[in-house]
Amino acid sequence: MAPMRCLVLLSISALGAVGTASPISKVLELLGGMEEKTKAQGQEADAAFKEAEEFCRKRSDALGYSIKTNSNKKEDLEADIAKSTSRLESIASSLQDSLQNTESNEAELTKATEVREKEKNNFADSEKNLLDTMDSMTRAVRALEKESASNKGKSESLLQVQQAPDIISALEAMVSGSLISSADREGLTNFLQGMQAPVAPAYKSRSGGVTEMLEDLQDKAKAELYEIRKKEAQSRGNYQLLRQSLQDEVKFAKEEAKKLQANQAEESANKASSEKDLQETATSLSGDSKELEDFTAECRRKSEDYELEKEDRAEELKALGAAKDALGKTSGAAVKTYSFLQQQVQSNAGRYPGKKVVELLREAARKSDSSAISLLARKVGNLMGEAQPEAGSDVFAKIKDMITSMISNMQKSLAEDTDHAQQCKKDMQAAKDKLAAKTSEVSDYQNKIDQAVSKSATLKSELSELQQTLSALAEAQTNATNIRNKEIALFKKNEPEIQQGIEGVQTALKVLRDYYGKDQGAATGIVALLEVVDSDFAKNLAAMRVAESTSADDFKKDAKEMTLEKTRKEQDVKYKTQAHQQLEADLAGLQSDAESAKSVLEDEKQDAETVKAKCVVTPESFEEKQAKRQQEIDDLKAALSALEASDSSPATSLVQKKDASTLRQLRGSHAAEAMEH
């Protein structure tokens, strides 16, 4: 704003009533008042600039955040559009292949159907002709037999038939003799002409004459009928197989095309939505960037104006001070570490073979946590503790039998577990395969639901950001209006005061000039300073009016831009709200479909759990159980080997009383446990 100094200039009318007071004292009083008011105006201008500066900072921060958010959103949307474009190209290629396959298979099926219809019609015609021909032959044979029987072979018609040079002529004679009709003759003639082999003219040489010839032809007709019927059955079967295969391929291709078209429509809708969002985001980004650029320039200009006004105000104060001085001369941060020590007790069981066997069995029971082996170890210890020196071999034999029996039982159990595990593996794999299709269907629904939920959350977040932006924009409009109102009020207050100050300085100049006349003497410097002050006041009044006009234009421009931005944001809110509502409705439908699919999947899971319950009866896996059982067997074999190694001198280990006593102590130190195996 233009400098608002010199506003509090004295009432100039007082100078009009100077009376007998000294003009110098009056001018000093006037300059002092002007100096105080200039300082007060400076303070008011500082406060106004500080408020405007804070508004510029907040508004710039808000626009910067909006630009950053929209820039990130623009990049994300461009990436989404690129992915959608790539997916649409892939879907379009697959859809084209599917449609081409459908078209090709349908064309092949149509062509095969046309060929089949022709074959069917040809067969029907051939079958009818052959059946008619066979009927004609039957009637001809009957007519000849009747004629021969009634006239004892001497009728004129029969003689003409017998004397005919060939079968065709014989048929003509039969027609002439009214033995067969012309239609029968025509059908028989056509059949004979259609035969591959020529008809022999010397048919009389054949036994039976014409009758036998016709019966022979009838057999050939029957054979031909059989062949064409056989061929028709083969053609019909081949066509049915081909038709079924093509129909299946067409059905699969159409289902695939339908799925691809649904994916294409969904992806196209997503792309269109992203493109619309991108367009709106780009528009908002461009508007915010332009507004930030203009607003920054406006704030910079206001800052420069403020600095110029501050400099002008300082110069004014300096000029007023110089004028007063001239007039005054004329008239007079710790860490700790710990360590542990472990001790291991080594067994000296190797001193005696019998004792070593017991220790090996106990170690095996400890490692595998087997109560059966533990019980065996105690039984072995008891046998060795109770045995007499002379009965050593019998004791060792019993122990060997016990260990061997347990090894055999464990191996048998391991084999049964292996068979059971293999069968379970097959059953569980079958259940797993059965679940795959249902799981895939549920997964597809879940993926769509996740996408919808993610998009819904994004829209909700964007709506929240838009509401916050609108709220910040409304606050910015309110602040800008308040600042503008203060600027107007300050201008309306300062303009008349500066105008009065100019008039007061001009009045003071007139008073001094009138007092001193043309010969001003020492007052020349004072008059010159007052003239400078008068010039500065006039210049500052003009600058203040220009600043007011500029501020008014800037406010109108900012208000228009804020209104446009508000309109854009409100349209975004409207569009995104509608999109969010539609998405929520679609999501509800997807969730309903997903629940239905999950219900079916749960039934499949229950069947799978039934198989699993039958197969998984222990907390440990088959592999762990197998390894544990094998370890038990290996440990028992090791004990058996140790026992066999001592078989050559068993009494040596049994006659040691100290060792026997030790075995009894060991025997009494454990509680008996049993395990059904």
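Structure first, text after, so check above.
Residues numbered from 1 in each chain as written. Predicted model: local features only at pLDDT ≥ 70, side-chain atom pairs only at ≥ 80, totals over all residues. Heavy atoms only, no water.

Chemist: Is there a simple way to explain the overall build of the protein in this structure?
Modeler: Within the protein one finds 13 helices and zero strands. Its helices and strands in sequence order give the protein the pattern α-α-α-α-α-α-α-α-α-α-α-α-α, from N to C terminus. By the burial criterion, 35% of the 677 residues in the protein qualify as buried. (Helix = DSSP H or I, 4+ residues; strand = E, 2+ residues; numbered from the N terminus. Buried < 20%, exposed > 50% of the residue type's maximum accessible area, 1.4 Å probe, protein only.)

Chemist: Hey, could you run me through the layout of surface pockets in this one?
Modeler: Rolled over the atoms, a probe as big as a water molecule pinpoints where empty space is left. As a volume, the largest pocket reaches approximately 1,300 Å³. Lining the largest pocket are 36 residues, and of these Glu 266, Asn 270, Gln 451, Ala 452 and Lys 455 sit closest to its centre. Contributing elements (two or more residues each) for the lining of the largest pocket: helix H2 (23–151), helix H6 (209–331), helix H9 (392–516) and helix H10 (523–615). Residue classes in the lining of the largest pocket are distributed as 11 nonpolar, 10 polar and 15 charged. (1 Å grid on protein atoms, 1.4 Å probe; cavity = no way out; pocket = protein on both sides within 12 Å on 5 of 7 lines; lining within 4 Å. Points joined across faces, edges and corners; volume = space filled by probe spheres on them. Nonpolar A, V, L, I, M, F, W, Y, C, P; charged D, E, K, R; others polar.)

Chemist: Just checking my understanding: could you explain the pattern of salt bridges for this structure?
Modeler: Between side chains of opposite charge, a pair can form as their charged atoms come close. On inspection of all chains with the given rule, the structure shows 25 salt bridges. Put simply, Glu 78 and Lys 74 hold a salt bridge, and the shortest N to O gap is 2.7 Å. Of this pair, Glu 78 and Lys 74 both sit in helix H2, four residues apart, which is roughly one turn of that helix. Relative accessible area serves as the criterion here: at 36%, Glu 78 is assigned to the partly exposed category. We classify Lys 74 as partly exposed; its relative accessible area is 26%. In this structure, Arg 484 engages Glu 487 in a salt bridge whose closest nitrogen and oxygen atoms are separated by 3.3 Å. Of the two residues, Arg 484 and Glu 487 both sit in helix H9, three residues apart, roughly one turn of that helix. Take Arg 484 and Glu 487: they sit in the same class, and that class is buried. Shared partners join several salt bridges into a network, and the residues in it are Lys 73, Asp 277, Glu 462 and Lys 576. (Salt bridge = Lys/Arg side-chain N within 4 Å of Asp/Glu carboxyl O.)

Chemist: Sorry, what's going on with empty space enclosed by the protein here?
Modeler: The calculated volume of the second largest cavity comes to roughly 110 Å³. Every residue lining the second largest cavity is listed: Phe 55, Phe 295, Glu 298, Lys 302, Ala 480, Ile 483, Arg 484, Glu 487, Ser 551, Asp 554, Phe 555 and Asp 558. Contributions of two or more residues to the lining of the second largest cavity are made by H6, H9 and H10. Taken together, the residues of the lining of the second largest cavity break down into five nonpolar, one polar and six charged.

Chemist: I tried to follow the side chain of Asn 70 on my own but got confused; where do I start?
Modeler: Positionally, Asn 70 belongs in helix H2. Ignoring anything within four residues of it in the chain, the contact list for Asn 70 reads Thr 281, Ser 284, Leu 285, Asp 288 and Lys 569. (Contact = heavy atoms within 4.5 Å.)

Chemist: Mind showing me how you'd approach the packing of aromatic side chains here?
Modeler: When we look at a pair of aromatic rings, we describe it by the centre distance and by the angle of the planes. The final tally for this structure, using the stated rule, is two aromatic pairs. Measuring from ring centre to ring centre gives 3.9 Å for Phe 49 and Tyr 306, while their planes differ by 0°; the resulting arrangement is stacked. Linking Phe 49 in helix H2 with Tyr 306 in helix H6, this pair joins segments that are 257 residues apart in sequence. Under the relative-accessibility criterion, Phe 49 is labelled buried at 16%. (Phe/Tyr/Trp six-rings, centres within 6.5 Å; stacked < 30°, edge-to-face > 60°.)

Chemist: Before we go on, may I ask you to explain the nonpolar core in this structure?
Modeler: Within soluble globular proteins, side chains that are nonpolar generally end up buried alongside one another. In terms of nonpolar packing, the biggest core is built from 27 residues, with Leu 144, Val 161, Met 174, Leu 214 and Leu 217 touching the most fellow members. If you list the elements that add at least two residues to this core, you get H2, helix H4 (167–176), helix H5 (182–194) and H6. Per element, the largest residue contribution to this core is eight residues, and it comes from H2. Those residues in contact with Leu 214 that lie beyond four places of it in its chain are Met 137, Ala 140, Val 141 and Leu 144. Counting residues in each nonpolar core, the second largest holds 19 residues, with Leu 509, Leu 512, Val 527 and Phe 537 among its members. (Core = buried A, V, L, I, M, F, W, Y, C linked by side-chain atoms within 4.5 Å.)

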